[in-house]
Amino acid sequence: MKPDLFEAPDYYNLDELLTEEHKLVRDAAREWVKRDVSPIIEEAAQKAEFPKSIIGGLAEIGAFGPYIPEEYGGAGLDQISYGLIMQEIERGDSGVRSTASVQSSLVMYPIWKYGNEEQRNKYLPKLASGEWIGSFGLTEPDHGSNPGGMTTNYKDMGDHYLLNGAKMWISNAPFCQIAVVWAKNEEGRIHGLIVERGMEGFTTPETHNKWSLRASATGELIFDNVKVPKENLLPNKSGLGAPLGCLDSARYGIAWGAIGAAMDCYDTALRYSKERMQFGKPIGQFQLQQKKLAEMITEITKAQLLAWRLGVMREKGTATSAQISMAKRNNVEMAINIAREARQMLGGMGITGEYSIMRHSMNLESVITYEGTHDIHLLITGMDVTGLNAFK
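In this text, all values refer to a predicted model and were calculated from it rather than measured experimentally.

Parameters at a glance
Once a new chain begins, its residue numbering starts again from 1 and follows that chain's sequence as written. Under the rules for a predicted model, residues below a pLDDT of 70 receive no local features and side-chain atom pairs below 80 are neither given nor counted, while totals for whole chains, interfaces and linings still include all residues. Water and hydrogen atoms play no part in the side-chain values, which are based on all heavy atoms of the structure. We count a stretch as a helix when DSSP gives it H or I for four or more residues in a row; a strand needs E for two or more, and each element gets its number in order from the N terminus. Buried residues are those whose accessible area, probed at 1.4 Å on protein chains only, stays under 20% of the maximum for their type, while exposed residues exceed 50% and partly exposed ones sit between those limits. Working rule for contacts: check all heavy atoms of both residues, and any pair within 4.5 Å makes them a contact. The Shrake-Rupley method, run with a 1.4 Å probe, gives the accessible areas here. Residue values count only the displayed protein chains as cover. UniProt positions are given in the numbering used here, feature names are shortened, and annotations may be inferred rather than shown by experiment. Helices are assigned an expected span. That span is 1.5 Å times one less than the residue count. Any pair of cysteine sulfurs within 2.5 Å is marked as a disulfide. Domain start and stop positions are those given by an automatic or database domain assignment. By convention, the term buried area covers the 1.4 Å-probe accessible surface removed from two parts as they join, with the contributions of both added. The term salt bridge refers to a side-chain nitrogen of Lys or Arg lying within 4 Å of a carboxyl oxygen of Asp or Glu. Note on ring pairs: Phe, Tyr and Trp rings are taken, using the six-membered ring of Trp, and paired if centres are within 6.5 Å. Classes follow the plane angle, with under 30 degrees stacked, over 60 edge-to-face and the rest tilted. Remark: a charge is flagged as sitting over a ring if the NZ atom of Lys or the CZ atom of Arg is within 6 Å of the ring centre and within 35 degrees of the ring normal. Residues qualify for a patch when their relative accessible area is over 30% and they have no salt bridge, like charges being joined within 9 Å and the nonpolar side chains of Val, Leu, Ile, Met, Phe, Trp and Tyr within 5 Å. Two strands qualify as a pair provided that DSSP identifies no fewer than 2 bridges between them.

### Topic: the overall build of the chain
Check the secondary structure of the chain and you find ten helices and nine strands. The principal-axis extents of the C-alpha atoms in the chain amount to approximately 80 × 45 × 40 Å. Counting every position in the chain, which comprises 392 residues, the buried fraction comes to 56%. Considering only contacts in the chain between residues 6 or more positions apart, those separated by 24 or more positions represent 75%. A total of about 16,800 Å² of accessible surface is found on the chain, and carbon and sulfur atoms cover 51% of it.

### Some remarks on the UniProt feature "domain: Acyl-CoA dehydrogenase/oxidase C-terminal" (unreviewed entry) in the chain
Within the UniProt annotation, "domain: Acyl-CoA dehydrogenase/oxidase C-terminal" (unreviewed entry) is assigned to residues 238-383. For residues 238-383, helix accounts for 76% and strand for 3%, while the C-alpha atoms at its two ends are 24 Å apart.

### Structural notes on helix H6 (residues 241-275)
The first and last C-alpha atoms of H6 sit 51 Å apart over 35 residues, in line with the 51 Å expected at 1.5 Å per residue. Burial analysis of H6 places 29 of its 35 residues in the buried class, which makes it a mostly covered element.

### Considering the state of the cysteines
Under the definition given, this model contains zero disulfides. With no disulfide of its own, Cys 176 lies 16 Å from the sulfur of Cys 246, the closest cysteine sulfur.

### Quick notes on the domain arrangement of the chain
Its domain assignment divides the chain into domain 1 (14-129), domain 2 (134-238) and domain 3 (241-386). Each of domain 1 and domain 3 has a C-alpha centre, and these two points are 20 Å apart. In this assembly, 30 residues from domain 1 lie in contact with 34 residues from domain 3. Of the roughly 2,500 Å² buried between domain 1 and domain 3, counting both surfaces, carbon and sulfur atoms make up 61%. In this structure, the connection of domain 1 to domain 3 is made through three salt bridges.

### Re the packing of aromatic side chains
On inspection of all chains with the given rule, the structure shows 15 aromatic pairs. Arranged with centres 6.2 Å apart and planes meeting at 75°, the rings of Phe 279 and Phe 286 form a pair that is edge-to-face. Given a relative accessible area of 77%, Phe 279 falls into the exposed group. If you follow Lys 113 out to its NZ or CZ, it ends over the ring of Trp 112, 4.7 Å from the centre.

### Details of helix H3 (residues 79-92)
For H3, spanning 14 residues, the distance from its first C-alpha to its last is 20 Å, which sits close to the expected 20 Å at 1.5 Å a residue. Within H3, 14 of the 14 residues are buried, leaving the element largely enclosed by the surrounding structure.

### A look at a nonpolar patch on the surface
Taken together, the side chains of Tyr 11, Tyr 12, Leu 17 and Leu 305 define a hydrophobic patch exposed on the protein surface, amounting to about 440 Å² of accessible area. Relative to the elements of secondary structure, Leu 305 occurs in helix H7 (residues 287-316).

### With respect to the side chain of Asn 172
The residue Asn 172 is located in the loop between strand S3 (160-171) and strand S4 (178-184) in this model. Excluding residues that lie within four positions of it along the chain, Asn 172 makes contacts with Thr 99, Val 102, Gln 103, Ile 133, Gly 134, Ser 135 and Ala 217.

### Regarding the pairing of strand S7 (residues 218-229)
Bridge count between S3 and S7: nine bridges; the pairing is antiparallel. When the sheet's bridge partners are listed, Leu 163 is paired in S7 with Val 226.

### Comments concerning the pattern of salt bridges
In the structure shown here, the tally under the stated rule is 20 salt bridges. Among the salt bridges present, the one from Arg 271 reaches Asp 267, with a minimum N-O distance of 3.1 Å. Placement of both Arg 271 and Asp 267 in helix H6 is noted, with a separation of four residues, approximately one turn of the helix. Accessibility expressed as a relative area gives 6% for Asp 267, which makes it buried. Residues participating in the shared-partner salt-bridge network are Asp 4, Arg 91 and Asp 264.

### Some thoughts on the pairing of strand S1 (residues 134-137)
Where burial is concerned, the two faces of S1 agree: the one with Gly 134 and Phe 136 and the one with Ser 135 and Gly 137 are both buried. For S1 and S4, the ladder comprises four bridges, and the chain directions are parallel. Bridge pairing in S4 places Gly 137 opposite Val 181.

See the structure below:
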């Protein structure tokens, strides 16, 4: 494994916008990625295995529920700190960031926001420490961009609920201890249920043959007459707005995370352009290569400013879902374009595992699709600026 020589680009001195705590949190995550992720992630991706050995490290740097209050085991950090941690983890690998995003925003967040005190105290400390890993069940085989059409359902059986249905494309599913599952009751209202591994009829088969997010475990959640205790229903919010609120938090994290992947590709291409000699000089001296690098750093800088401003608004509680959608869509598109350009700059070496670029490029093909596809986020912005609903 080549040494991790990453140097983060900061063309507009954005560090001046960060507090000392922000920088400490970011730098701790950055050093952990260099030490514990970079040396093993390429082999994990080649083998299509999630490196479970890093779960403890993710917990130590506060990646599981960074903004969850300390009384429940979280780090009690602000939204910009959460974003910076996601940025650094995705600089290492999008699949590892996916594991942290799901744990934080799609499992811990709904239990914290929509659960009761008993549920918070039972689940959150174990999730924050990494003792338990969770998954989030919303997407179904026939309902992706239209989650409101879900068919997963539960019936009130008196002393318990009976859950039936299936979810797919679920990060962490193969080894999760719990799943926050969204299902319709007998009136068609969507509610969240906490399903625990070991409940009879609950299975989590793994999804194989992925070309993307290979170092992340993806699977299905299958419910065949699963008896769910009534105390496992999240009581404080129902309707489609409940899971969409979780997705707001996750999409916000992705907006930051994608910057990390882009920065890694840019940094790799920049270093390579100074070392690779052709026609008697480094390729970085050619105009076309400088054009690529100049455009990369410009787009990264714009994305950094967008994410930082969104973080300020989210901390104040003023960020809208549409604003979060814009940042997710823009920053992921920015990252995937930079990955493709950086791959070209490295020529044939760009497709090898000796460099991270091709892995980032493949991973970002998933990131641009999950948590709302690129096109869906465009329509969310379109609806917000026109007031006209293109979904109906």
